[in-house]
Amino acid sequence: MADVAEKAGVSRALVSIVFRNQAGAGRETRERVLRVADEIGYRPDSAARLLARGRSRTLGVMFTVQQTFHTDLITGIYPEAERLGYDVLLSGATRGRSEAKAVEALLSHRCEAVILLGPDAESAYLDELGQRTVAVSVSRRVPHARVDFVHTAEGKGVRQAMDHLVELGHRRIVHIDGGRGPGSAERRRAYRAAMRRHGLEAEARVIPGHHTEDSGIETGRLLLAERDGGQPLPTAVLAGNDRCAMGLLMALTRAGVDVPRDLSVVGYDDSHLSHLMPIGLTTVRQDAVLMAEHAVRFAVERLEKGELEPREAVLDPKLVVRGTSGPVPKEPVPA
């Protein structure tokens, strides 16, 4: 600011007034100061100004780099944070970078609150984190942790998917488990409950997996190997999430299995990937924008209003029927 003041021929105090957009500077002086600032490439350091007041007004977001649904959530976080006057800082977890390391990086950059997208951390860590700072967990609920939660009613979403498949005549419905992924335990329980409710408990089968394309590919290879050994393919598969469903579709179509004529596939999330296939993926939609808005508001309300009891937002899912689900095949798919 001293450089701007010297070149504009005004005091540093007057430059400060102009940058804060306060009264006290004439129109001509204001325009001259802004023109000089532009010429020398000066921009007010709003972060430094906020830190001087003890605030950063920055929300940290921890996400998993490979998870496409996290991209959809981040897309919704930015506009809501900006609307409420906050900046957003991202920190990614990868196979070589733990969630804890990603979170600590956010805190070291003076983020006032952290929003955790699908955290895989132990409940004790989340509780301890909630004691240190304002924290919101998205897509994963951890009982008794001092953290706000935003998630979808997983059981309701699975019931919608299973009812859809049963109405199409499917009985041999397999579920690919999501392992430790967010919502996996709830989806697994809901699948088993739905099979019991429809009188299909004897047909229930849960295949261990993960929320990755590789998991879907591995499951596809397993089912194809079983078919080659004389065991018929299931008529439908409920995948743990869209990424897993995509991997399964790749393995099946490469082997000549027609989806959905020979086998129906349903995913979970309705991430942007579900629209990119030549045949659209039937999936359970989680409203990423609404989830993001709730998460940001929870964080900001804690910061602005002080100590609040942990809160929870449970949002309704919606089955989106596209091209990968159809009537049960009349004959078993031949080997």
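The structure presented is a predicted model; accordingly, all values stated were derived computationally and were not measured.

Caption draft 1: The arrangement of the packing of aromatic side chains in detail. For the structure shown, the criterion picks out 0 aromatic pairs. Looking at Arg-57, its charged tip hangs above the ring of Tyr-86, at a distance of 4.2 Å from the centre. Lying over the aromatic face of Tyr-268, Arg-187 brings its terminal NZ or CZ to 3.8 Å of the ring centre.

Caption draft 2: Structural detail: the environment of Glu-104. Following the sequence through the fold, Glu-104 ends up in helix H6 (residues 99-108). Exposure remark for Glu-104: the relative accessible area of 33% places this residue in the partly exposed category. Between the alpha carbons of Glu-104 and Met-62 there is a distance of 9.8 Å; along the sequence they are 42 residues apart. Sequence-distant contacts of Glu-104, that is, excluding residues within four places in its chain, are made with Tyr-125 and Arg-132.

Caption draft 3: Examining the sheet that holds strand S9 (residues 264-269) more closely. Pairing within the open sheet is mixed, and its 6 strands lie in the order S7-S6-S8-S9-S10-S12. Strand pairing shows two members of the sheet lacking a second neighbour, strand S7 (205-207) and strand S12 (318-320), which therefore form its edges. The average angle at which neighbouring strand axes cross in this sheet is 25°, direction not considered. Across 3 bridges, the pairing between strand S6 (residues 173-176) and strand S8 (residues 236-238) is parallel. Bridged to His-175 within S8 is Leu-238. Helix H8 (residues 154-167) rests against S6, S8, S9, strand S10 (282-285) and S12 of the sheet, and its axis sits at about 165° to S9. Against the sheet, helix H10 (residues 213-228) contacts S6, S7 and S8, and its axis sits at roughly 130° relative to S7.

What counts as what
- Residues numbered from 1 in each chain as written.
- Predicted model: local features only at pLDDT ≥ 70, side-chain atom pairs only at ≥ 80, totals over all residues.
- Heavy atoms only, no water.
- Phe/Tyr/Trp six-rings, centres within 6.5 Å; stacked < 30°, edge-to-face > 60°.
- Lys NZ or Arg CZ within 6 Å of the ring centre and 35° of its normal.
- Helix = DSSP H or I, 4+ residues; strand = E, 2+ residues; numbered from the N terminus.
- Buried < 20%, exposed > 50% of the residue type's maximum accessible area, 1.4 Å probe, protein only.
- Contact = heavy atoms within 4.5 Å.
- Pairing = 2+ DSSP bridges.
- Axes fitted to C-alpha atoms, helices over the stretch in contact; angles between N-to-C directions.

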